[in-house]
Amino acid sequence: MEQFSLINFLTMSVPEEFLLAFFAWTILGKKDSVKFRNVIATALITAIAFASIQVLSNSNITLMAIFNLVIFTVIIFFTYNLSLFESLVSSLLTIVIGTLIQAVTANVGLIITSFSLDDIESSRKLKLMFFIPYLVFFAVLSLVIYKLNIKVLNFKKKKSSIYYFSRIRFIVLQLTFTLLIIILNFRLYWSNKKLFDSPNDKVLIIMNFAFVVFFTILIVISVFKMGKSIQAEEERKRAYDGREIFQNIDYLCKLMEMKEYSEVEKMLEYIKSDVDTDIINKSRTNRDSSIK
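Every value quoted in this text rests on a predicted model; they were computed, and no experiment measured them. (Residues numbered from 1 in each chain as written. Predicted model: local features only at pLDDT ≥ 70, side-chain atom pairs only at ≥ 80, totals over all residues. Heavy atoms only, no water.)

Q: Help me get a handle on unusual backbone geometry, residues and values and all.
A: Not every positive phi belongs to a glycine, and N81 is a case in point at roughly 55°. By the element assignment, N81 lies in the loop between α3 (61-79) and α4 (84-112). According to the relative accessible area criterion, N81 is exposed, its value standing at 54%. With phi around 55°, N149 is a residue other than glycine that occupies positive phi space. Position of N149 relative to the elements: it lies in the loop between α6 (124-148) and α7 (162-190). (Helix = DSSP H or I, 4+ residues; strand = E, 2+ residues; numbered from the N terminus. Buried < 20%, exposed > 50% of the residue type's maximum accessible area, 1.4 Å probe, protein only.)

Quick look at the structure:
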């Protein structure tokens, strides 16, 4: 079981988890609704939880990634007051991007240096040397997204359409599959460096890294595009619902003018049923055709 180090916790765990918390806060567009102190609290709680997981899992990369994902999802669910889909998608996207940056910087560092995995694990200075590039890249990316005000999508806590849920499920599957690919490729070279000593082997490893990076970028772009598509669909639905409300009001006014009070009562019951079930029937008949 790995021994806990307070210095590593303060110099590595806390800054890394702060970036994770800040990145999730940014891509969710929570700058106005969730205070920055929540980000700091999330970072500290996550750092403590991740450090505990690292000790208990004995630094097993696969187990750590799975537990970290679950724990981070639960933490931001409460600290950012999110829906289940918000916390799951944002934690997946945050950890996918963070893991990719860490995998690329660490493995490239191993390729261009003569250090082995044992050397890095036994030296705090080497750990910091490999950790700093990852921290810098992640920080720059987080600040760029913050400045450009880029967010995934506007999630809803209310009952949503089948279209909405199917798209969200697809996003979750995409990101989960991508995370597994990154972890497997991370371990491929990180744990077996001595098997890839020849120049040809290193070229193949670099090509593999490039493919994984390209694939992940495509997935992340598709997630953001899908988020915009969902948002556009929801806006069209709201616009349609708004028009329908005005049509119903106009119809009620005409019925009142004609003193068709029984029809007014039926119409009000019909509208109440729609509100109670949160279902808008998209195949309305033209009610005005019966009014002459």
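Q: Please provide a residue-by-residue account of the environment of I168, values included.
A: Within the secondary structure, I168 sits in helix α7. Spatially, the C-alpha atoms of I168 and V89 are 8.0 Å apart, while their sequence positions differ by 79 residues.

Q: Could you give me a rundown of the packing of helix α1 (residues 6-27) against α6, with the residues and numbers involved?
A: How two helices sit against one another is set out by the angle between their axes and by the gap between those axes. As a packed pair, α1 and α6 sit with axes 10 Å apart at the nearest point and diverge in direction by 20°. By the angle class used here, α1 and α6 are roughly parallel. In the packing of α1 onto α6, the handedness of the crossing is left-handed. (Axes fitted to C-alpha atoms, helices over the stretch in contact; angles between N-to-C directions. Parallel < 35°, antiparallel > 145°, perpendicular 65-115°, else oblique. Left-handed = near helix turned anticlockwise from the far one by under 90°.)

Q: Lay out the packing of α1 against α4 in plain terms, naming residues and giving numbers.
A: One can describe the packing of α1 onto α4 by two numbers: an axis separation of 9 Å at closest approach and a directional angle of 135°. When the axis of α1 is compared with that of α4, the two are oblique. Seen from above, α1 lies across α4 with right-handed handedness. Between α1 and α4, the contacting residues are E16, L20, F23, A24 and I27 on the first element and S90, L93, T94, I97 and Q102 on the second. Among the residues making up the contact of α1 with α4, the classes are represented as six nonpolar, three polar and one charged. (Contact = heavy atoms within 4.5 Å. Nonpolar A, V, L, I, M, F, W, Y, C, P; charged D, E, K, R; others polar.)

Q: Could you give an account of the nonpolar core, with specific residues and numbers?
A: Y80, L93, F138 and L175 are the most contacted members of the largest nonpolar core, which totals 51 residues. Secondary-structure elements contributing two or more residues to this core are α1, α2 (36-57), α3, α4, α6, α7 and α8 (199-257). It is α4 that provides the largest number of residues to this core, a total of 10 residues. (Core = buried A, V, L, I, M, F, W, Y, C linked by side-chain atoms within 4.5 Å.)

Q: Kindly report on α3, identifying the contributing residues and their values.
A: The terminal C-alpha atoms of α3, which comprises 19 residues, lie 26 Å apart, in line with the 27 Å expected from a rise of 1.5 Å per residue. When we look at burial in α3, the residues that qualify are M64, A65, N68, L69, F72, T73, I75, I76 and T79. At the C-terminal side of α3, N81 shows a positive phi close to 55°. (Expected span 1.5 Å × (residues − 1).)

Q: I'd love a proper account of empty space enclosed by the protein, names of residues and values included.
A: To find leftover empty space, a probe the size of one water molecule is rolled over the atoms. One pass over the structure, following the stated rule, counts one cavity of 30 Å³ or more. In this structure, the largest cavity spans a volume of roughly 50 Å³. Lining the largest cavity we find L100, A103, V104, N107, I182, N185, F186, F209 and V212. Mapped by element, the contributors of at least two residues to the lining of the largest cavity are α4, α7 and α8. If one sorts the elements of the lining of the largest cavity by residue count, α4 sits on top with four residues. Residues of the lining of the largest cavity, tallied by class, amount to seven nonpolar, two polar and no charged. (1 Å grid on protein atoms, 1.4 Å probe; cavity = no way out; pocket = protein on both sides within 12 Å on 5 of 7 lines; lining within 4 Å. Points joined across faces, edges and corners; volume = space filled by probe spheres on them.)

Q: Describe α1, listing the residues and the values that go with them.
A: For α1, with 22 residues, the first-to-last C-alpha span of 30 Å sits near the 32 Å given by 1.5 Å per residue. The largest bend along α1 measures about 30° and falls at S13, with the proline P15 one to four residues further on. For α1, the buried fraction is high: 16 of the 22 residues fall into the buried class. G29 lies just past α1 and shows a positive phi near 65°. (Bend = angle between axes of the 7 residues up to and from the residue.)

Q: Tell me about the environment of L92, residues and numbers included.
A: Position of L92 among the secondary structure elements: in helix α4. With 87 residues separating them along the chain, L92 and L179 place their C-alpha atoms 8.0 Å apart. Contacts of L92, omitting those with residues within four sequence positions, involve L69, V172, L175, T176 and L179.

Q: Can you explain the environment of T62? Please cite residues and give values.
A: Counting through the fold element by element, T62 comes out in helix α3. The partly exposed category is assigned to T62, whose relative accessible area is 31%. Along the primary structure T62 and F186 are separated by 124 residues, whereas in three dimensions their C-alpha atoms are 10.0 Å apart. The contact partners of T62, leaving out residues within four places of it in the chain, are I183 and R187.

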